[in-house]
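Listed below, chain by chain, are the residues.
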Amino acid sequence: MKKLSYLLAVILLFYTCKAPEKKPHEFGLVTNHAMVVSAREEASKIGSDILQQGGNAFDAMVATGLALAVSYPFAGNLGGGGFMVYRQGDGTVGGLDFREKAPLLATKKMYQDDDGNIIPNKSTLGSMAIGVPGSVAGLFAVHEKFGSLPLETIFKPVIALAKRGVIVSSKQEARIKKYQPEFRKVNTDSIPLEKQWKTNDTIKYPVLANTLQELLEKGKDEFYKGEMAEKLVNFIKEQGGIISLEDMAKYEVKWRKPIEFKYDGLKITSMSPPSSGGVCLAEIMKMIEPYNLDDYGHNSLKSIQVITEAERRAFADRNYFLGDPDFVKMPIATLMDDDYLKERMSNFSFKKATPSSEVSHGNIEIVESNETTHYSIVDQFGNAISVTTTLNGAYGSKLYCSDLGFFLNNEMDDFSSKPGTPNMFGLIGAEANSIAPEKRMLSSMTPTIVEKDGKLFMVVGSPGGSTIITSVLQTILNVHEFDLTMQEAVDAPRFHHQWLPDEIMFEPESFDPEIINQLQKLGYKTNEKDAPVIGKVDAIRILPDNRLEGGADHRGDDAAVGF
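By the naming in an unreviewed UniProt entry, the protein chain is Glutathione hydrolase proenzyme, taken from Gaetbulibacter aestuarii. For the protein chain, the Pathway (unreviewed entry) comment in UniProt is given as "Sulfur metabolism; glutathione metabolism." According to the UniProt record, the Subunit (unreviewed entry) comment for the protein chain reads "This enzyme consists of two polypeptide chains, which are synthesized in precursor form from a single polypeptide."

Positionally, F27 belongs in the loop between α1 (2-16) and β1 (30-31). Using a relative accessible area of 46% as the deciding quantity, one classes F27 as partly exposed. In this structure, the C-alpha to C-alpha distance between F27 and F315, residues 288 residues apart in sequence, is 33 Å.

Moving on to the sheet that holds β1. Taking strand neighbours across the sheet as the criterion, the seven strands line up as β1-β20-β19-β15-β14-β9-β8 in an open arrangement whose pairing is antiparallel. Strands with a single pairing partner mark the edges of an open sheet, and in this sheet they are β1 and β8 (259-263). Sheet topology note: the strand β14 (residues 448-452)/strand β15 (residues 455-460) ladder contains five bridges and is antiparallel. Across the sheet, the residue bridging to T448 is V460, located in β15. Across the sheet, helix α11 (residues 277-288) touches β8, β9 (266-270) and β14, and the angle it forms with β8 is around 15 degrees. Strand contacts of helix α16 (residues 467-480): β8, β9, β14, β15 and β19 (538-542), with the helix running at about 135 degrees to β15, the strand carrying the most contacts.

The next point concerns the sheet that holds strand β16 (residues 495-496). Taken together, three strands build an open sheet; the order of strands is β16-β17-β18 and the sheet is mixed. The open sheet is flanked by β16 and β18 (526-527), the only strands paired with a single partner. As judged from the two bridges shared by β16 and strand β17 (residues 504-506), these two strands associate in the antiparallel manner. Counted as the bridge partner of F495 is F506 from β17.

Leaving glycine aside, a negative phi is the common case for residues, and trans is the common case for peptide bonds. With omega at 20 degrees, the peptide bond leading from P273 into P274 counts as cis. Mapped onto the elements of the fold, P274 is located in the loop between β9 and α11. Following L500, the chain continues into P501 via a peptide bond in cis, with omega recorded as 0 degrees. Summarising the element assignment, P501 is placed in the loop between β16 and β17.

Listed in full, the buried residues belonging to helix α18 (residues 513-521) are I515, I516 and L519. Down the axis, α18 shows its buried residues gathered within 100 degrees of arc, on one side only. Residues P513 and K521 are exposed on α18 and point more than 90 degrees away from its buried face. Those residues of α18 that are buried are in contact with α13 (301-321), β17 and β18. Its side-chain oxygen 2.9 Å from the backbone nitrogen of E514, D512 forms the N-cap of α18.

A separate point is the layout of surface pockets. Approximately 570 Å³ is the volume found for the second largest pocket. Counting only elements with at least two residues in the lining of the second largest pocket, the list comes to β15, α16 and β19. For the lining of the second largest pocket, the element with the highest residue contribution is β15, accounting for three residues. Its residues assigned to classes, the lining of the second largest pocket comprises eight nonpolar, eight polar and seven charged.

Procedures and definitions
Residues numbered from 1 in each chain as written. Predicted model: local features only at pLDDT ≥ 70, side-chain atom pairs only at ≥ 80, totals over all residues. Heavy atoms only, no water. UniProt positions renumbered as here; feature names shortened; annotations may be inferred. Helix = DSSP H or I, 4+ residues; strand = E, 2+ residues; numbered from the N terminus. Buried < 20%, exposed > 50% of the residue type's maximum accessible area, 1.4 Å probe, protein only. Pairing = 2+ DSSP bridges. Contact = heavy atoms within 4.5 Å. Axes fitted to C-alpha atoms, helices over the stretch in contact; angles between N-to-C directions. Arc of directions from axis to C-beta. Polar contact = N/O pair within 3.5 Å; in protein donor to acceptor, adjacent residues only side chain to side chain. 1 Å grid on protein atoms, 1.4 Å probe; cavity = no way out; pocket = protein on both sides within 12 Å on 5 of 7 lines; lining within 4 Å. Points joined across faces, edges and corners; volume = space filled by probe spheres on them. Nonpolar A, V, L, I, M, F, W, Y, C, P; charged D, E, K, R; others polar.

This is the structure:
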């Protein structure tokens, strides 16, 4: 009788209990025609407005890039450089390298003392840290090749923004306050960001507005060969730097063939060297492709293991082999070869971690600045662009040219200051990324475009130094493998492994403690305390009905705008 009562109770419970309701998906901004996602709403809106005026993605790229130089001086810039990957409406893809270059007077050991030790701060703070800037050349090159609207239409709203001013957000207030001591170390003149700016204050940039007006009237050559170039070079020399007028005049962008590869039915297009992003992303994705991530589950123990072990091996290769293709021969075809990558993962086991000491190559460590910015654009004509641009560190070298109204990069720090030897100061890498005159420094920037079934599917990218690659990777996987929306994919907690130091970095208080405990038992070192913000992804997904969904990262002031 007891058994019968129990059985009836179980049956009753089965019929009366509802299945737990699935949490509804959270979507980002959804628009019908076009979209811009960037680090500041002001920049996204200017880009979107250009599209509404009939401009294409390339016009909007120039407008958004310039607007970020005004609204997001932390990483948006005229004094830095970057990369763009594009896909036109007809499916044609390409890449633009407007990365900074080492000055003609640069030398391999310029950041070492007589004993061969790295000189603290020399490659990060002040005039000796500056690479020849490429952003202005990059923006003009894009407009010259693909632009459809007059430059005046593109520049006008940006100049107006610089004059009108930008409202300080709470996150910007904190950033400015944090870096003010470093501004004072290197600047002899007072600079606009030295004031005690508070949330909701308005910062105006009249000098930058004048610089933009001059660029509009006189073109790119004004920046590289005209009076503006003379002002910039004189300023850098007065501060003890080595960039010359010849350096400026010789600077050229490079149109490069991007990295293209397949992953589980997707076609991925990403940036080629001197960005390591595309090659590294290809290695990781090809190594994880044989594993059933969707069965393992999002941020599950097995998913984290597989991704971590692939990242470990890809970053070991990145550090040793990659550099500027105009200076270094790289075995890119081999690095992306299926048999090579299968062999790379052959010693992986779910039963224990593979120590980085057992994964070649050598004692080389990445220390790369996290402060970059990314923007993604899709226009009403089917064109898509993915752009990552940077000053390298926060506000670059911290050196501000008061005559022109912008910060200068500290991109020289992305070279190997002392190849083959780990050091607590500056970036350490291999011979392939050693310093040489006119050479471009290796980068982790990973502007990426994803196609599915021959159609545009996603536009993705992120700041974050070495975490850029893993942020882009996990965002793509979140959508493709784990069925998250674009906004959910961007907002999801992220983790990162870069070979050395041999630890998995987790965004604090974002992961199941039991999974972290299990990883530690398997021999993985974990770090939740020191993890920086792992990427700030700005992405766009094309929905099945051809509408666009934006993913603007909540970790910053990022915003999607479109129509």
